[in-house]
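One-letter residues, chain by chain:
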Amino acid sequence: MRRLFPVTDQTASGADREWTLDELAEAYAYPASARRDDAGGSGDVAGTGAGGAAGSGGAESGDVAAGRGAAAPAGGCRAAWLRANMVASLDGAAHHEGRSEPLSSAADMRIFGVLRGLADAIVVGAETVRREGYRPARAREALAARRKAAGQEPAPVIAVVTASLDLDFSLPLFTAPLVPTIVLTGAAALPERVRAAEKAGAEVIVAGDGPGVEPGRAVRALADRGLVRLLTEGGPRLLGQFVAAGVLDELCLTMSPTLTSGYAQRIAGGPALAVPERFALAALLEEDGFLFTRYRRV
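The following paragraphs examine the structure supplied in this document. (Residues numbered from 1 in each chain as written. Predicted model: local features only at pLDDT ≥ 70, side-chain atom pairs only at ≥ 80, totals over all residues. Heavy atoms only, no water.)

Some words on helix α10 (residues 236–245)
Of all the positions in α10, only P236, L238, L239, G240 and F242 are classed as buried. Those residues of α10 that are buried lie in contact with β2 (81–88), β3 (121–125), β4 (157–161), α9 (215–224) and β7 (229–232). Positive backbone phi, at 75°, marks G246, one or two positions downstream of α10. (Buried < 20%, exposed > 50% of the residue type's maximum accessible area, 1.4 Å probe, protein only. Helix = DSSP H or I, 4+ residues; strand = E, 2+ residues; numbered from the N terminus. Contact = heavy atoms within 4.5 Å.)

Overview of the pattern of salt bridges
What the rule picks out here adds up to 19 salt bridges. Taking the shortest distance from any N to any O, the salt bridge between R2 and E286 comes out at 2.9 Å. You can see R2 sitting in strand β1 (residues 2–5) and its partner E286 sitting in strand β9 (residues 279–287), a full 284 residues away along the chain. Given a relative accessible area of 11%, E286 falls into the buried group. Taken together, the shared-partner salt bridges in this structure form one network comprising R83, E250, R294 and R296. (Salt bridge = Lys/Arg side-chain N within 4 Å of Asp/Glu carboxyl O.)

What about the nonpolar core?
Ranked by size, the top nonpolar core spans 41 residues in total, and within it M1, Y28, V160, F174 and F292 carry the most contacts. Of all the secondary structure elements, the ones that give two or more residues to this core are α2 (21–27), α4 (106–118), β3, α5 (126–132), β4, α7 (172–175), α8 (191–199) and β10 (290–297). Those residues in contact with F174 that lie beyond four places of it in its chain are L167, D168, F169, T181, V183, A200, G201 and A202. V123, V213, A218 and L248 belong to the second largest nonpolar core, which has 34 residues in total. (Core = buried A, V, L, I, M, F, W, Y, C linked by side-chain atoms within 4.5 Å.)

What about the packing of α4 against helix α6 (residues 141–149)?
Between α4 and α6, the shortest axis-to-axis distance is 10 Å and the interhelical angle comes to 25°. Here α6 runs roughly parallel to α4, going by the angle between their axes. Every pair of crossing elements has a handedness; the one defined by α4 and α6 is right-handed. Contacts between α4 and α6 involve V114, R116, G117 and L118 from the former and L143, R146 and R147 from the latter. Within the contact of α4 with α6, the residues separate by chemical class into 3 nonpolar, 1 polar and 3 charged. (Axes fitted to C-alpha atoms, helices over the stretch in contact; angles between N-to-C directions. Parallel < 35°, antiparallel > 145°, perpendicular 65-115°, else oblique. Left-handed = near helix turned anticlockwise from the far one by under 90°. Nonpolar A, V, L, I, M, F, W, Y, C, P; charged D, E, K, R; others polar.)

Focus: the environment of A218
Here A218 lies in helix α9. Note on A218: relative accessible area 3%, which makes it buried. Residues A218 and V161, 57 residues apart in the sequence, show an inter-C-alpha distance of 8.6 Å.

As for the sheet that holds β3
Across the sheet, 10 strands lie side by side as β1-β9-β10-β8-β2-β7-β3-β4-β5-β6; this open sheet has mixed pairing. A strand with exactly one partner marks an edge of an open sheet, and here the two such strands are β1 and β6 (203–206). Neighbour-to-neighbour, the strand axes of the sheet open up by a mean angle of 25°, direction not taken into account. Strand direction decides the pairing type here: β3 and β4, joined by 5 bridges, are parallel. Bridging across to β4, G125 finds its partner in V161. The strands touched by α4 within the sheet are β2, β3, β4, β7, β8 (250–255), β9 and β10, with β2 carrying the most contacts at an inclination of about 165°. (Pairing = 2+ DSSP bridges.)

Some details on the pairing of β4
Across the 5 residues of β4, 5 count as buried, placing the element largely inside the fold. Neither face of β4 is exposed, since V157, A159 and V161 on one face and I158 and V160 on the opposite face are all buried. In this structure, β4 lies alongside strand β5 (residues 182–185), joined through 3 bridges in parallel fashion. Across the sheet, A159 pairs through a bridge with I182, a residue of β5.

Description of the packing of aromatic side chains
The geometry of an aromatic ring pair comes down to the distance between the two centres and the angle between the two planes. All chains considered together, the criterion is met by 2 aromatic pairs. Aromatic side chains F169 and F174 sit 4.9 Å apart centroid to centroid with 70° between the ring planes, which places their arrangement in the edge-to-face category. We classify F169 as buried; its relative accessible area is 9%. Overall, F174 belongs to the buried group, its relative accessible area being 2%. In this structure, R83 is placed above the aromatic ring of Y30, and the distance from its NZ or CZ to the ring centre is 4.1 Å. (Phe/Tyr/Trp six-rings, centres within 6.5 Å; stacked < 30°, edge-to-face > 60°. Lys NZ or Arg CZ within 6 Å of the ring centre and 35° of its normal.)

If you want it as C-alpha cells, here you go:
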C-alpha cells in the first residue's frame, strides 16, 4: 500500500508494502473531538495521534465543535462524527448483482475491518442487512487495546435503520451479538414488530415522528448513548438520506478498478440536493490499482 496524499516522506520514498492494522487504524483515526466524555484523557481518541507510523491525516480537534459535526453535544457526550464507507466501480456501480463483494479486494476488506474496529456504532439500512446477510460485529484482538483505552465496548454496536421492522429477529445479529443490536425506527412502527425486536434482545429507539427515521435524530439518539464515532456502510438509500439531511461528515470511498456496466445503484440514492455539497480530499492510498479515498465535508 502506498500513500499518495497527503504527501509525506513515506510518499516520496515510494514504499509499497502491506500496512499493519495499527498503521491503518492511525491513518483512519476519528477526529480528537469525537469521543465519549467518560473515556478519560485530554480529548484525543486514544492512539490516534498524528505522529503514528502511517500518519492520521486527521481532522483538527475543532472541526466538530465548530459546527461541522452531525450532532450537538448531548447526554454527556461530545458531538458525533458520522463517516460512511462505500465501494464503487469505475463506472459508478455500488454493487454487482446486489452485493458489494465483487468490487472489493483484500486491502479493501482490511480497511473495512479497521473502520469497524474504530467505530462505536455501525449504522446500516434494513435492506443491506437482508441482502448482505449481516452478522454481529466481532471483537478484533489487534484493536482490543485501542478500544479499551478509548472507553469502547469490545465490538461496535450494529444499529439497523428500518421503518417496517421487516427483519428476521432469529438471526445472530439480534440473538447473539457481543453488544445488543439497536433498531432505529419511527413512532408509527407496528407495536408487534417492536415487541418482536425487543424479545430478540434488540434495543428499539424511536428516531422519527412518522413511519420512518429522521437522520439527524438517529445520530443524536446514538450520541446520547455515548456512541459518537459512527460508521455507516449504507446501503445507498440510507447514505442518500444522511447526505440529504446534511449530517454526513466524512466519506471513505474505495474506487475499484473494475467496470460493471448494467443498472446498479450509485453509492447514494434519493432526491438530489438543491446545491451539491462540497467535500475536500483528506487522504488517498493505493494498492493493486484500488484507490482508498477519504473526503471530509468542507
